[in-house]
Every structure is written in C-alpha cells, then in structure tokens.
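If you want the building blocks of each chain, they are given just below.
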Amino acid sequence: MQLSLIKPQGCATPFLRHLLDFRVYQTRQRSQSCNIACTVIRHRWMKRAPVFCTHITTNKMISTQADKESIDMSKFPVERIRNFSIIAHIDHGKSTLADRLLEITGAITTTDKNKQVLDKLQVERERGITVKAQTASLFYKYQGQTYLLNLIDTPGHVDFSYEVSRSISACQGVLLIVDANQGIQAQTVANFYLAFEAQLTIIPVINKIDLKNADPERVEKQIEKVFDIPTEECIRISAKLGTNVEQVLQEVVKRLPPGVVANIALFGGYLSKGDRIVSAYLGKSYEVNELGLLRPDEHPTDRLYAGQVGYVIAGMKEVKEAQIGDTLYHQKHPVEALPGFKPAKAMVFAGMYPMDQADYSALRSAMEKLTLNDSSVTVQRDSSLALGAGWRLGFLGLLHMEVFNQRLEQEYNASVIVTAPTVPYKAILSSAKLIKEHGKEEITIVNPAQFPDRSVVKEYLEPMVMGTIITPDDYTGKIMSICLNRRGVQKNMVYIDDHRVMMKYLFPLNEIVVDFYDLLKSMSSGYASFDYEDAGYQAAHVIKMDILLNGKPVEELTTIVHKDRAYSAGKAMCERLQDAIPRQMFEIAVQAAIGSKVIARETIKAYKKNVLAKCYGGDITRKMKLLKKQAEGKKKMRYIGTVQVPKDAFINVLKRKDK
C-alpha cells in the first residue's frame, strides 16, 4: 500500500514526487510468548523503519520451549487422541497440507519458508518427493477441549507403497488427498484400497482449488463413482493458500475414532525413562534411555501413557533389532505379542561396488549407517571379477534404488558403481544333486550370473505384477500398444468419468521395472499415471543372455530375457553399449550370446593414426608394410588391453526405445 501525505500538483518534478513518497507496511512477528503485529510507515529512501503502532497478542498455542516443558501427557486420555495419515498420488499436495497443519496447531512458526518441513532428507527436497514417512504430534483446541493429533505424512510414489501400508497400520483414519486439476490417479486408487482393507475412516480432501483449471465438481463425481464416497463428505481446500485447512482439523476430530498406534503405541499402563523393556521378536531386554513426542522434532517427556504415540531410545545396536511391528513390554510383565507387519519385499536387485577397492571399508560403513533408517533395503555380500568385492542389494523399485544411490553420494560422499537392475526369478530344479545342495526344489535367483542351465531345471518362473493405468481416453490406443509390446495382458478397462479411463494389465515385472513409467509419461504427454502390485509368479520361457567384450563375458551386464525377444534385446543392448563405451586405441567387439551362440554384434572402431602421412609417393610395398605393422600392434593391444565400461552404462543399457 502506498501513502502520499501531499499530492503534488501541476509542474511538480519527479524529484519532488520521490521526496514525498511514503509507504505503509503491516508486519507480524512471533516471539516465544506472544504475537506482535506492527504498522510501519517509512520513506522509500529510509533504510530503517520506525514503528508507529504495535498490537501485541498472547500466543496460546503450545509451540514454545517453555510451553513444551509444561506439557502433562497424563491429561490426554484415549478419547482425545486421533491418529491419522495423509495419503495421495505423488505431487497432489500432501507435504504442503502437512505444513499448514503444523502452522495452525502452533508446532512450527508461520513463515513463507515453510516448505516440505517434514521432508528432512536432501534428496526429498531436491526431487520434491517424500521418501520416508514422517510423524508429528499436534495439539489442537476444539470446542473447549485440547486434542492430541498424531499425523503421518506418507510418500506418493509406487516404490514406497510399503511406507504407506505400515503408516496406515498405525492409524484409525486417513486424509485422502486428490488434486482438483488432475483428479483420481493410479496411486490414489491403490492407497484408497489399502485404507479400505484396513477398515479405516477415509476423509476425502480435494486440494489445489486455487488453480486456474481446477474442477472440484468433476473430481467429487470421480470420488463418488470410483470409491462410493458421497460428494458432500469431500472437503475442498487450497493447502498452498491455507483455504479451509482449519476445517480439515475439525473433521479429523469429529469423524475419526479415538486411537492408539504409531511409532510406539501404548496399549496399557505407562512407560517411563529408566524402565526395562523386552522385545517380543528377539527376546532381548533394553533400558529406556529416552522417550517423547515428535512435534515434528524429538521432544523428550518423562512418561507416555496408554493411547499416546511417540518414540523411544533404548540402546539397540543394530537396525535388525528394531523390527517394525514388534511388541515391547515391561520386563516384569510379559504379554502375548500383537500382530505385526509383513516385511518389505524387494522387487529389484542390483550389484553395488566401490569405484576403488581401497574405499570398500568406507562404503561399507556408509551403507550400514544408511540402512539404519531404511530397513526395506536387503543386503548380501557379492564379488565380481571385473569390479571386485561389493554387495547385492534389494530395493522396492527403481526410484528407491536411485534415491539410495543419491543419498550415498550426498550424505557420505561415496562414489559407487551400480550394475543393471534385475528382478528375482525362480527355478524348479530337476537335478537331485542340486536339490540336495540347496535343500529344496524351488530356488530364487537374484543374480543373473547364477542363473541355472536349462538342463537341470524343470521350469522357470518369472514375477508378475497387476498394473493400474489411469489416462485420458485420447491416449488409450498408444498405451494399449505399449502394454502389448511389454507382454501385458489386459484384465479390465472402465471409464471413471467422461474422459478418463482406468485399465488393468497383468505384466511381467521385468518388462516394466526399468523404463516403462518414463515411456508411459512420454506417450501420454505426462497425463497418465501408473501403479502396480505383486501378483505372484508365472511359468515363462526365459533364458540367460551374456554380453561379451572382445570375447570376454561381462558378468555385470548378464541379463535374463524372454526367448521370443532375445534377438531384438541382444541387438539393442549391443547398439547402446556401442554408444556408451568410449573408443579405445584398439577395436572392441561387442557381442550378445546365448550359451555359445552369438546372436548380435556391434564393433567399436579403434582410434587410428595415419602412418602413411610421412610417405610422399614411393613404392606401394613400403606403405603396405607400415599398415601391416600398425594392424599387428592393434591386434596385440586388443589382447592385453582392458575395456573400461562407464558407470552409467550399467543402467542405460537396459532402457528400451519402444516405437
């Protein structure tokens, strides 16, 4: 707002107008005990602003350190506790809504810098995604009563659906966020059914109503048609602007049943610092060194009572000791263990090796620290003739693998080589010797180099997934063609509104794990969404394909392919390796082979010096002698030379360009 005390008339110079240019500002500051609202009048040339009028209001929210220290947890019985998660498709505004809820309840100070407050990892902030489910305890006053609300912000990408499922297991209700512009997407459907199967109260929230192309009426009809939730139960909000966010908190208090369960949940009694507790999973006893709430940072308290949610530090030495879903009880009062969670199931495997074997110990230490807060990663020791000692890691998906690798580089400055990702196959053995060696007839293969020969196997099994695709109907033909090319079998196809289609396909996991999502987004101009869930194993005619560089097999590039597409896959991999591997002083033959049969070949030409440059005419035999000598040198280099495969080639080699 601009305030002119004197209005220049007639021939007033620009200098005079600037001289009489004053500005009025309204500012707000939050101190430890109060809110300060200031009216400031200053000249545009003044560097400091004198305060002319000040309004001071007491901050009654429990947000300051002094207030935190005075929290009496015994005042929050089960009837005034609500546990809920925020679930949605990726980029529908979960973290932004969490920021507004933290501000309204006084857990954090209201500033313009509050963006992704609960996303604490650098990789989360850089990519704008949530990787780890984060919790926060909020205090909210409603109709004269103060309620304890335990919030869990969850990831939206399909790779981290395990985080969503375990968060849902810790709640009595969910906020299902749907973008007012994009509408229902694939992960929206998947997350809804996770909550529905857990019999949780579902509150639909339509976010981003401030966008120009927002159509909340259309989204409400989608929700009613797909999820059978009445339109009047939907809440329209703008998390970015804070519109109607207060109503969300009110509905959480009114609709959600009182609850128990989260990071740690007390089903009875109380837990105090110094108590001895026992893990029902391992039978080990621990002393409680610290316990408290997450608001969203750790806030220690003396006790936690039945129905409350918090964290506990009990001197566990390894991440394996802190099992998700474990039951902890007082050492003197043993109880029967409560039902736990299913362990995370690795869907993608890859080898990880240090760039230099001298860094092996440092990389091992970094991986041990990183897996402390990511127990879904499985780790097995592995070794390679080309890359040395390393590990075989299991991930929830390709994005999970990329995030893990990025965190290693950012948080621990570790440089690693990651091999091409593969999926776990199964083989039913026919050889009595191998059955005796493995102790069972059916084995799981996570490393393609260890794929058993067809002569000792009755049947190979490949992992299958049920994929859900939601797309505008303009792209249906292109997407069906892609799915068919990836050996997909259509199971269902329904219209969720006048222009959007939901299709279900049964896919081999190997066909969609690397680049299917990127291709789907490209074909649909970014409008299609994709989600998948495990669908067991199915018999398949698969074979092992080796990649040879100058006749030497590269174990890290060995892949499992379907027999019908072995030739096309081998030729494509050779072509991509031809582009990825830099030229050397000697010729490199890149070959794809099945057993002893070469099915595809590309050649990387050698750098060649012009040895005839010094010959000015003369006898042809001299020129031929120089060329022959050069060819013999190249041949010798080819036998003793080492081909260096670039780091990015191990992942890029599997990416396909479907037409």
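Within each chain, residues carry numbers counting from 1 in the order of the written sequence. Under the rules for a predicted model, residues below a pLDDT of 70 receive no local features and side-chain atom pairs below 80 are neither given nor counted, while totals for whole chains, interfaces and linings still include all residues. As a rule here, side-chain values cover all heavy atoms of the structure and leave hydrogens and water aside.

### What to know about the sheet that holds strand β14 (residues 285-287)
Strands in a sheet are paired, the pairing made by backbone hydrogen bonds, and the direction either parallel or antiparallel.
Phase 1: When DSSP locates at least two bridges between a pair of strands, those strands are taken to pair. Helical segments are the DSSP runs of H or I of at least four residues, strand segments are the runs of E of at least two, and each set is numbered from the N terminus. Here we have three strands laid out as an open sheet, ordered β14-β13-β19, and antiparallel in their pairing. In this open sheet, the two strands that pair with only one neighbour each are β14 and β19 (328-330). Averaged over neighbouring strand pairs, the angle between their axes works out to 35° when direction is ignored.
Phase 2: Here strand β13 (residues 276-279) pairs with β14 via three bridges, running antiparallel. Its bridge partner lying in β14, Val-278 is registered against Ser-285. Every axis corresponds to a line fitted to the C-alpha atoms, with the helix fit spanning only the stretch in contact, and the corresponding angles, defined between N-to-C directions, vary from 0 to 180 degrees.

### Quick word on the packing of aromatic side chains
Phase 1: Each pair of aromatic rings taken from Phe, Tyr and Trp, with Trp reduced to its six-membered ring, is defined by centres within 6.5 Å and is described as stacked if the planes are under 30 degrees apart, edge-to-face if over 60, and tilted in the remaining cases. Using the criterion set out here, one finds 14 aromatic pairs in the structure.
Phase 2: With a centroid separation of 6.2 Å and an interplanar angle of 80°, the aromatic rings of Phe-507 and Phe-530 are classed as edge-to-face. Of this pair, Phe-507 sits in strand β28 (residues 500-508) while Phe-530 sits in strand β29 (residues 529-539); the two residues are 23 residues apart in sequence, bridging distant segments of the chain.
Phase 3: Any residue under 20% of the maximum accessible area for its type is buried, any over 50% is exposed, and the rest in between are partly exposed; the area is computed with a 1.4 Å probe on protein chains only. Given the relative accessible area of 0%, Phe-507 is considered buried.
Phase 4: Note on Phe-530: relative accessible area 5%, which makes it buried.
Phase 5: Consider the rings of Phe-516 and Phe-530, whose centres lie 5.0 Å apart with planes at 65°: the pair is edge-to-face. Here Phe-516 is found in helix α14 (residues 516-523), whereas its partner Phe-530 is found in strand β29, with 14 residues between them in sequence. When sorted by exposure, Phe-516 lands in the same class as Phe-530, which is buried.
Phase 6: Pairwise contacts between aromatic rings join Tyr-505, Phe-507, Phe-516, Phe-530 and Tyr-532 into one cluster.
Phase 7: When the ring centre of Tyr-537 is taken as origin, the NZ or CZ atom of Lys-426, which lies over that ring, is 4.5 Å away. Whether a charge lies above a ring is judged from NZ of Lys or CZ of Arg, which has to be within 6 Å of the ring centre and within 35 degrees of the ring normal.

### Some words on the sheet that holds strand β21 (residues 378-384)
Phase 1: The strand order across the open sheet formed by four strands is β21-β22-β20-β23, and the pairing between neighbours is antiparallel. In the strand order of this sheet, the two ends are held by β21 and β23 (416-418), each with one partner. This sheet shows a mean twist of 30° between the axes of neighbouring strands, independent of strand direction.
Phase 2: Summarising the sheet, strand β20 (residues 348-354) and β23 pair through three bridges and their orientation is antiparallel. Opposite Tyr-353, over in β23, you have Ile-417 as the bridge partner.

### Things to note about the nonpolar core
Phase 1: In this description, a nonpolar core means a group of buried Ala, Val, Leu, Ile, Met, Phe, Trp, Tyr and Cys residues linked to one another through side-chain atoms lying within 4.5 Å. Counting 34 residues, the largest nonpolar core has Ile-469, Ile-479, Phe-507, Leu-509, Ile-512, Phe-516 and Phe-530 as its most contacted members.
Phase 2: For this core, the secondary structure elements donating two or more residues are β24 (425-429), β25 (442-445), β26 (457-472), α12 (476-485), β28, α13 (509-512), α14 and β29.
Phase 3: The criterion used for residue contact is that any of the two residues' heavy atoms lie within 4.5 Å. Setting aside its immediate chain neighbours within four residues, Ile-469 contacts Ile-479, Cys-483, Val-501, Met-502, Met-503, Phe-516, Leu-520, Ser-529 and Phe-530.
Phase 4: Counting residues in each nonpolar core, the second largest holds 29 residues, with Leu-175, Ile-237, Val-248 and Val-253 among its members.

### Comments concerning the side chain of Arg-392
Phase 1: Relative to the elements of secondary structure, Arg-392 occurs in strand β22 (residues 388-395).
Phase 2: The charged-residue count follows a simple rule in which Lys and Arg add positive charge and Asp and Glu add negative charge, with His and chain termini not counted at all. One speaks of a salt bridge when a side-chain nitrogen belonging to Lys or Arg is within 4 Å of a carboxyl oxygen belonging to Asp or Glu. As a buried residue without a salt bridge, Arg-392 has its nearest oppositely charged side chain in Asp-382, at a separation of 4.4 Å.
Phase 3: Of note is the side chain of Arg-392, whose polar atom sits 3.2 Å from the backbone oxygen of Val-446.
Phase 4: If we skip the residues at most four places from it in the chain, Arg-392 touches Phe-349, Ala-350, Gly-351, Thr-378, Val-379, Gln-380, Asp-382, Thr-419, Thr-422, Val-446, Asn-447 and Pro-448. Here a polar contact is recorded for every N or O atom pair within 3.5 Å, except that within protein the pair must consist of a potential hydrogen donor and a potential acceptor, and residues adjacent in sequence are included only if both atoms are side-chain atoms.

### Brief notes about the environment of Arg-576
Phase 1: Residue position: Arg-576 is located in helix α15 (residues 566-580).
Phase 2: Relative accessible area serves as the criterion here: at 22%, Arg-576 is assigned to the partly exposed category.
Phase 3: Along the chain, Arg-576 and Glu-602 lie 26 residues apart, while their C-alpha atoms are 9.6 Å from each other.

### Side note on the pattern of salt bridges
Phase 1: Per the counting criterion, the structure on display carries 16 salt bridges.
Phase 2: Of the charged contacts in the structure, one is a salt bridge between Glu-217 and Arg-236, with a shortest N-O distance of 3.5 Å. With Glu-217 in helix α7 (residues 216-227) and Arg-236 in strand β10 (residues 235-236), this residue pair connects regions lying 19 residues apart in the sequence.
Phase 3: For Glu-217, a relative accessible area of 41% corresponds to the partly exposed category.
Phase 4: For Arg-236, a relative accessible area of 28% translates into the label partly exposed.

### Some remarks on the packing of helix α3 (residues 94-104) against helix α8 (residues 245-255)
Phase 1: Axis separation between α3 and α8 bottoms out at 10 Å; the angle between their running directions is 80°. Accordingly, the angle class assigned to the pair α3 and α8 is roughly perpendicular. The segment α3 lies against α8, with Leu-97, Arg-100, Leu-101 and Ile-104 engaging Val-245, Glu-246 and Leu-249. In these notes the angle categories are as follows: under 35 degrees is roughly parallel, over 145 is roughly antiparallel, 65 to 115 is roughly perpendicular, and the rest is oblique.

### Thoughts on the environment of Met-545
Phase 1: Here Met-545 lies in strand β30 (residues 542-549).
Phase 2: Separated by 54 residues in sequence, Met-545 and Ile-599 have C-alpha atoms that sit 9.5 Å apart.
Phase 3: In this view, Met-545 contacts Leu-557, Thr-558, Thr-559, Val-561, Ala-566, Ala-569, Gly-570, Met-573, Ala-592, Ala-593 and Ile-599; residues no more than four positions away in its chain are not counted.

### Notes on empty space enclosed by the protein
Phase 1: Cavities and pockets are defined on a 1 Å grid built over the protein atoms alone: a cavity is a set of grid points where a 1.4 Å probe fits but cannot escape, while a pocket is an open set with protein on both sides within 12 Å along at least five of seven lines, and lining residues are those with an atom within 4 Å of any such point. Grid points are joined across faces, edges and corners, and a volume is the space filled by probe spheres set on the points. By the definition in use, this model includes six cavities of 30 Å³ or more.
Phase 2: In this structure, the largest cavity occupies an estimated 80 Å³ of space.
Phase 3: Tyr-353, Asp-382, Arg-392, Thr-419, Ala-420, Thr-422, Asn-447, Pro-448, Glu-555, Glu-556 and Thr-558 are the residues that line the largest cavity.

### Comments concerning the confidence of the model for the protein
Phase 1: Scored from 0 to 100, pLDDT reflects the predictor's confidence in each residue. Summarising the model, the protein shows a mean pLDDT of 77, and 74% of its residues fall at 70 or more.
Phase 2: Scored below 50 in pLDDT, residues 1-20 makes 19 contacts in the model with residues more than four places away or belonging to other chains.
Phase 3: Within the model, pLDDT remains below 50 along residues 39-69, and this stretch shows 68 contacts once partners closer than five positions in the same chain are excluded.

### Description of the pairing of β28
Phase 1: For β28, the tally of buried residues reaches eight of nine residues, placing the bulk of the element in the interior.
Phase 2: With nine bridges connecting them, β26 and β28 associate as antiparallel partners. Of the residues in β28, the one forming a bridge with Met-466 is Leu-506.
Phase 3: Pairing between strand β27 (residues 489-495) and β28: six bridges, direction antiparallel. Bridge assignment links Met-493 to a residue of β28, and that residue is Met-503.

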